[in-house]
Amino acid sequence: MQVAVDGPWTPLLGRLSLEAIPYTNPILIFTFAIAAIVGLVVVGSVLYFKKVGYIWREWLCSVDHKRIGVMYIILGLVMLFRGFIDGVMIRTQQAIAIGPNSPGYLGAAHGYLPPYHFDQIYSAHGTIMLIFAATPLLTGLGNVIVPLQVGARDMAFPYLNAVSLWLTVAGALLCMISLFVGEFSNATWVGLMPFAEMSSNPGVGVDYWMWALQVSSLGTTFNSINMIATIVKMRAPGMGWFRVPVFTWATMATAIIGLTAFPVLTAALCMLGLDRYVGTHFFTAGMGGNYMLYINLFWTWGHPEVYFLMLPAFGLISEIVSTFSSKALFGYPTMIAASLGIAGVGWVVWAHHFFTMGMGPNLIGFFSAATMIVGIPTGVKAFNWIFTMYRGRITLATPMLWAITAIVLLLLGGITGMMLSASVVDYTVHDSVFVVAHFHCMVLVIGAGIFAAVTYWWPKVFGFKLNETLGQWFFWTFVLASVLVFIPMFQAGLDGETRRLDYLFDTSLRPLMLAEVTGMGMYFVSLFCFLAMLVVSLVKREPAGQDPWGTARSLEWLTHTPVPFYNFAVTPQVHALDELAWRRANGLEKAQPERYVPIHMPSSSGLPFIIGMLSFVCTFALVWRIWWLAGASLLAVILLVIIRSFDKNEGYVLSADTIAEMERKLHTVSLIAEQSKVLPVGGQVEAH
Amino acid sequence: MASHTQAGADVVLWNASADAHDNISARTYGFWLYLLSDALIIAAVVACYAVLDNPLNAAGGPLGNQFLSASKGLVQTFLVLGSVLSYSLATVALKRGNKLGVGLGMVGAILLAVLFLGIGMGDLAALSAAGNGFARSGYLSCFFTLIVTHALHMGFGILWMLVMLVQIGVFGFTENVVARLLNLRMFWQFQASVWVVVYIYVYLFGGAH
Ligand code: HEM
Ligand SMILES: [Cu+2]
């Protein structure tokens, strides 16, 4: 019943043996050394400062949506770094390996990465950037912001929220450990079929990729459920649907995609798993398999997935553009309609990813037209932002710079997307780096939205602002790097550079490649600025007030900075779409509740973390076909869930006196912060 | 807690009674959302079945119309629906707070479900024994997967009912227990609907005799 595997297999260790450790590869040894040093430093400092208990209790066991959000963001940043290094390796390899006379090092005929290694790197790059960097970053921001924006104490299901986080972490761990134990998939982030089947890919690489995706998308599905339930059920009194802040609406649209699209991926990967583990014939090349079926299923998820990432970024940009234009968002209802419209139309465009695979003129016509239709709601959004800025009092603080950049990039990515949606154009540039440049522009919109949001909401979470000067340095170097890397890439694609190649035969591409490599170098500079920004801000810690930007509009800026764990001492009554702006206009922004009532809070629990780690063990065991371990850890998860259901888990109650005491302290802190408040760049206060 | 706007109007800024959320309704709503995503998994498998249900993908092996029996499927359908009925009677008893009634209804639901699974799994075993297992062809892979996916849901539901039987005994009808019983009812109706779809699409439209 079980598919026979190449090479040895033992009941105790499955396919795992010492040979799985790539100790002959100098690049991996080097990486391992760095990872080990960083790991030791982190663990060592935790031990040295005696913070083990603190980290366990306050973070790993936390069910607080803000903490969980921050952990998501940290995970996203770490994985962003990993993905970035992958990108650097891809780019430098290609820059070296141009033309038959290019040199070869470390056993490669050209460049320094043999095809076997190179293929794994770009597969990992795509998987990591989309699933383990962009997704956690956005989910994390959603986690932090949405409950605050709707005036809730936490998410609808705080435990489930923690489970989602740790499942995502399990997937990320799987990706990371594949570096040092075994190999990663070489079948690209989409899983080329039937190439990813056992017959052509007998190693553990595809299994790593498959399980990493599987376990983390489970987390994403749970998170989507949680988000929808939070937005539907937990809104503060007075917040009707047309008073829901625009980012929360965007998250709603995204969560609907998450809820409906991710199950399709789950199903597709299950089928691939069955093919690879028990020998079914869903996607095999013979025996009645149909590999186009996989490609359709994958993109049925895959295209909604790109909007799953894009919509929250749109929401972030909307909030920021309106704050820094000191104006209400232009066309709020159309913004919502556009978000929902994009989510809807995103479902019927998937085949534009394989126009060239032969589907007949009718289908091509349909999918081509449907794809172009997405441009309409996207255009509506772009115009709404521009009209928001029009005649607004604009402050060019770092978040706003990022937001404006995002709009420009959206234009570039959108227009090239439109070009690709015309199937005749797509036939000539499909699978060239033109496509790569298109979607990187789009993903950079998301990146810019994320950086904007991190800078913007940072003080709300941590109580102090990020350093503005270094933030701008980071911004400008990042933009310069992006221009250098991705603008030449459009040209290279039109010149015929095929994507995913470890060797370029066409020597005339050399100048373009040189520009791209320079851009990659520039990214290192911007990374340095980013780190410097973090360090300097952490050291200076200038306290920020309740509304550190002075022009924020939505509910989350109404509470203290940093936000206490219960969010609002008393749930606010909502009177307007931009509640804080409304209160400010009525001179009520400083009003505090006069009376407190007891609050019921969920208690923290180590179970979600344990479930996540057991899922990691289970999937790792499945990758190596260690059946007993996989079975045991799965059983343990089921038992833990049952045992927890016998726990009464009633949470705990904060008494009114405790709240009053905490509020008094927080109030003093924010008074101090108000006094030392530094004016943002550009100057907010009108001169008299 | 009233304050005044600059114009002097009275406004309520804080709402101390807002914390009393209806826990059960939030939980059933969340679970309903989960069922939605589960329904999409089923939909994906059914879509694959529709694609693979043709002689090319049977690779020389049998198609459903050669081995499926519509009458046997009908018996299974009645078993599933009977099981749902039994669980529904349990929820009627729940309304009256009758522990024994809830217990009996669930035991009835479990017994009918086990009978159903016995027939279904027996069929799959016979099919495999005749050399037409899931590895025989793309079509059979998908057929087995569809049936087993539904069966796994049923098995999970049975496990859940067993746990709930214990919890009713230990805790009685607390908020937690009631929320779970209501979710379980949705889940049980969901798996029955899945079976009805399978019966109609795979058995009847598929030309079972
Ligand atoms: C106006 C909206 C858009 C249009 C018309 C559009 C159109 C297209 C088309 C036609 C392709 C297929 C190109 C080919 O492989 O030959 C494509 C690829 C791609 N697009 Fe877009 N797109 C749009 C927005 C986005 C957004 C918002 C994202 C991401 C956030 C995105 C990410 C991608 C990715 C990742 C691929 C390539 C996937 C791969 O093959 O690896 N696109 N786009
Ligand atoms: Cu697409």
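Quick caveat, the model's predicted, so the values are computed rather than measured.

### Structural notes on the overall build of chain A
- Looking only at helices and strands, chain A has 19 helices and two strands in total.
- A compact globule built from 688 residues would reach a C-alpha radius of gyration of about 26 Å, and chain A, at 25 Å, matches this within 12%.
- Across its three principal directions, the C-alpha atoms of chain A cover 70 × 55 × 50 Å.
- Counting only residues that meet the buried cut, chain A has 59% of its 688 residues in that class.
- Pairs at least 24 residues apart make up 82% of the contacts formed inside chain A by residues separated by at least 6 positions.
- Summing over all exposed atoms, chain A offers an accessible surface of approximately 26,600 Å²; the carbon and sulfur share of this is 73%.
- Charged side chains in chain A number 35 positive and 35 negative. The centres of these two groups are separated by 9 Å.

### A few points about the interface of chain A and chain B
- Each side of the interface is counted separately: chain A has 55 residues, and chain B has 50 residues.
- For chain A, the biggest contributors to the area lost against chain B are Lys233, Phe282 and Phe646 of chain A; these three give 12% of the whole.
- Inspection of the region where chain A meets chain B yields zero salt bridges.
- Inspection of the chain A/chain B interface yields 12 residue pairs in polar contact (both at pLDDT 80 or more).
- Taken together, the elements giving at least two residues each to the side of chain A that touches chain B come down to helix H6 (205-233), helix H7 (246-278), helix H8 (291-324), helix H16 (579-585) and helix H18 (627-646) of chain A.
- Among the elements that make up the side of chain A that touches chain B, the one with the highest residue count is H7 of chain A (eight residues).
- The residue makeup of the side of chain A that touches chain B, split by class, is 32 nonpolar, 17 polar and six charged.

### Observations concerning the coordination of the iron atom of ligand 1
Residues and elements named next belong to chain A.
- Of all protein atoms, His438 (NE2) alone acts as a donor to the iron atom of ligand 1, lying 2.2 Å away.
- A separation of 4.5 Å is found between the iron atom of ligand 1 and the copper ion (ligand 2).
- Along the chain, His438 turns up in helix H13 (residues 433-462).

### Structural notes on the domain arrangement of chain A
Residue and element names in this part refer to chain A.
- For chain A, the assigned domains read domain 1 (324-542) and domain 2 (559-603 + 649-688).
- Between domain 1 and domain 2, the C-alpha centre-to-centre distance is 35 Å.
- In this complex, domain 1 contributes 15 residues to the contact, which on the side of domain 2 involves 12 residues.
- The largest contributions to the domain 1 side of the interface with domain 2 come from Arg393, Thr395 and Lys460, which together make up 47% of the buried area.
- For the interface between domain 1 and domain 2, the tally reads zero salt bridges.
- Linking domain 1 with domain 2 are four residue pairs in polar contact (both at pLDDT 80 or more).
- Contributions of two or more residues to the side of domain 1 that touches domain 2 are made by H13 and helix H14 (468-494).

### What about the site of ligand 1?
Residue and element names in this part refer to chain A.
- Among the 21 residues in the neighbourhood of ligand 1, the closest are listed as Trp189, Asp426, His430, His438 and Arg499.
- A distance of 3.0 Å is found between an oxygen atom of ligand 1 and a side-chain nitrogen or oxygen belonging to Trp189.
- Separating a nitrogen atom of ligand 1 from a side-chain N or O atom of His438 is a distance of 2.9 Å.
- Of all elements in the fold, only H8, helix H11 (398-421) and H13 reach the threshold of two or more residues within the shell around ligand 1.
- The greatest single-element share of the shell around ligand 1, amounting to five residues, is contributed by H13.

### Re the side chain of Ser102 of chain A
All names here are of chain A.
- Positionally, Ser102 belongs in the loop between helix H3 (65-96) and helix H4 (115-149).
- Its relative accessible area of 8% is what places Ser102 among the buried residues.
- A distance of 2.9 Å separates a polar atom in the side chain of Ser102 from a polar atom in the side chain of His110.
- Filtering out sequence-adjacent residues up to four positions away, Ser102 remains in contact with Ile96, Ala97, Ala109, His110 and Tyr503.

### Details of the environment of Ala382 of chain A
- Relative to the assigned elements, Ala382 of chain A resides in helix H10 (residues 361-389).
- For Ala382 of chain A, a relative accessible area of 17% gives the class buried.

### What to know about the coordination of the copper ion (ligand 2)
All names here are of chain A.
- Every protein donor of the copper ion (ligand 2) is accounted for by His303 (ND1), His352 (NE2) and His353 (NE2), and the metal-donor separations fall at 1.8 to 2.0 Å.
- Expressed as a motif, the donor residue spacing for the copper ion (ligand 2) is H-x48-H-H.
- According to the relative accessible area criterion, His353 is partly exposed, its value standing at 24%.

### A word on unusual backbone geometry
Residues and elements named next belong to chain A.
- A cis amide bond, omega 5°, links Met193 with the succeeding residue Pro194.
- Tracing the chain through its elements places Pro194 in the loop between helix H5 (158-180) and H6.
- Cis rather than trans, the peptide bond between Thr561 and Pro562 has omega equal to -10°.
- Here Pro562 lies in the loop between helix H15 (510-540) and H16.
- Positive phi values are uncommon outside glycine, yet Ser326 reaches one of about 50°.
- Along the chain, Ser326 turns up in the loop between H8 and helix H9 (332-345).
- Assessed through its relative accessible area of 24%, Ser326 is described here as partly exposed.
- With a phi close to 45°, Arg541 is a non-glycine residue in the positive phi region.
- Note on placement: Arg541 falls in the loop between H15 and H16.

### Digging into the packing of aromatic side chains
Residue and element names in this part refer to chain A.
- Here the structure, examined in full by the defined rule, presents 67 aromatic pairs over all chains.
- With centroids separated by 4.8 Å and ring planes inclined at 85°, the aromatic side chains of Trp166 and Phe609 adopt a geometry described as edge-to-face. Remark: Phe609 occurs in helix H17 (residues 607-623) and Trp166 occurs in helix H5; sequence separation between them is 443 residues. Taken individually, Trp166 and Phe609 each receive the classification buried, so the pair is uniform in this respect.
- Ring geometry for Phe451 versus Phe474: centroids 5.0 Å apart, planes at 80°, classification edge-to-face. Separated by 23 residues along the polypeptide, Phe451 in helix H13 and Phe474 in helix H14 bring together distant segments of the chain.

### Thoughts on a negative patch on the surface
- There is a patch of like negative charges on the surface, built from Asp647 and Glu650 of chain A together with Asp22 and Glu175 of chain B.
- Secondary-structure assignment places Asp22 of chain B in the loop between strand S2 (10-12) and helix H1 (23-52).

### Looking at the side chain of Ser123 of chain A
- Take Ser123 of chain A: it is sitting in helix H4.
- What Ser123 of chain A contacts, discounting residues up to four positions off in sequence, is Phe184, Ser185, Asn186, Ala187, Thr188 and Trp189 of chain A.

### A few points about the packing of H6 of chain A against H7 of chain A
All names here are of chain A.
- Closest axis-to-axis distance for the H6/H7 pair is 8 Å, and the angle between their directions is 150°. By the angle between their axes, H6 is roughly antiparallel relative to H7. When you trace H6 past H7, the crossing you get is left-handed.
- Of the residues that constitute the contact of H6 with H7, the class distribution is 20 nonpolar, 10 polar and two charged.

### Here we look at the confidence of the model for chain A
- The share of residues in chain A with pLDDT of 70 or more is 97%, and the mean pLDDT across the chain is 91.
- This model gives residues 677-688 of chain A a pLDDT under 50, and the stretch forms 18 contacts once residues within four places in sequence are excluded.

### With respect to the packing of helix H5 (residues 99-129) of chain B against helix H6 (residues 138-171) of chain B
Residues and elements named next belong to chain B.
- Two elements in contact, H5 and H6, have axes separated by 10 Å at closest approach and are oriented at 155°. On the basis of their axis angle, the class for H5 and H6 is roughly antiparallel. As for how H5 packs across H6, the hand of that crossing is left-handed.
- Each residue belonging to the contact of H5 with H6 can be placed in one class, and the counts come to 25 nonpolar, five polar and one charged.

### What about a nonpolar patch on the surface?
- A contiguous nonpolar surface patch, about 530 Å² in accessible area, is contributed by Phe330, Phe383, Ile386, Phe387 and Tyr390 of chain A.
- Secondary-structure assignment places Phe383 of chain A in helix H10.

### Let's talk about the pattern of salt bridges
All names here are of chain A.
- Counted under the stated rule, the structure contains 12 salt bridges over all chains.
- Across the pair Arg91 and Glu516 runs a salt bridge, and its minimum N-O distance is 3.1 Å. Linking Arg91 in helix H3 with Glu516 in helix H15, this pair joins segments that are 425 residues apart in sequence.
- According to the relative accessible area criterion, Arg91 is buried, its value standing at 9%.
- Among the residues examined, Glu516 registers a relative accessible area of 1% and is labelled buried.
- A network of salt bridges, in which partner residues are shared, links Asp207, Arg276 and Arg625.

What counts and what doesn't
Residues numbered from 1 in each chain as written. Chains lettered and ligands numbered in written order. Predicted model: local features only at pLDDT ≥ 70, side-chain atom pairs only at ≥ 80, totals over all residues. Heavy atoms only, no water. Helix = DSSP H or I, 4+ residues; strand = E, 2+ residues; numbered from the N terminus. Rg over C-alpha atoms; globule rule 2.2 N^0.38 Å. Buried < 20%, exposed > 50% of the residue type's maximum accessible area, 1.4 Å probe, protein only. Contact = heavy atoms within 4.5 Å. Areas by Shrake-Rupley, 256 points an atom, 1.4 Å probe, with all protein chains shown as cover. Lys, Arg positive; Asp, Glu negative; His and termini not counted. Charge placed at Lys NZ, Arg CZ, Asp CG, Glu CD. Buried area = accessible area lost by both parts, 1.4 Å probe. Salt bridge = Lys/Arg side-chain N within 4 Å of Asp/Glu carboxyl O. Polar contact = N/O pair within 3.5 Å; in protein donor to acceptor, adjacent residues only side chain to side chain. Nonpolar A, V, L, I, M, F, W, Y, C, P; charged D, E, K, R; others polar. Donors = N, O, S within 2.8 Å, 3.2 Å for Na, K, Ca; no water. Domains from an automatic or database assignment. Near = heavy atom within 4 Å. Phe/Tyr/Trp six-rings, centres within 6.5 Å; stacked < 30°, edge-to-face > 60°. Patch = residues over 30% accessible without salt bridge, like charges linked within 9 Å, V, L, I, M, F, W, Y side chains within 5 Å. Axes fitted to C-alpha atoms, helices over the stretch in contact; angles between N-to-C directions. Parallel < 35°, antiparallel > 145°, perpendicular 65-115°, else oblique. Left-handed = near helix turned anticlockwise from the far one by under 90°. pLDDT = per-residue confidence, 0-100.

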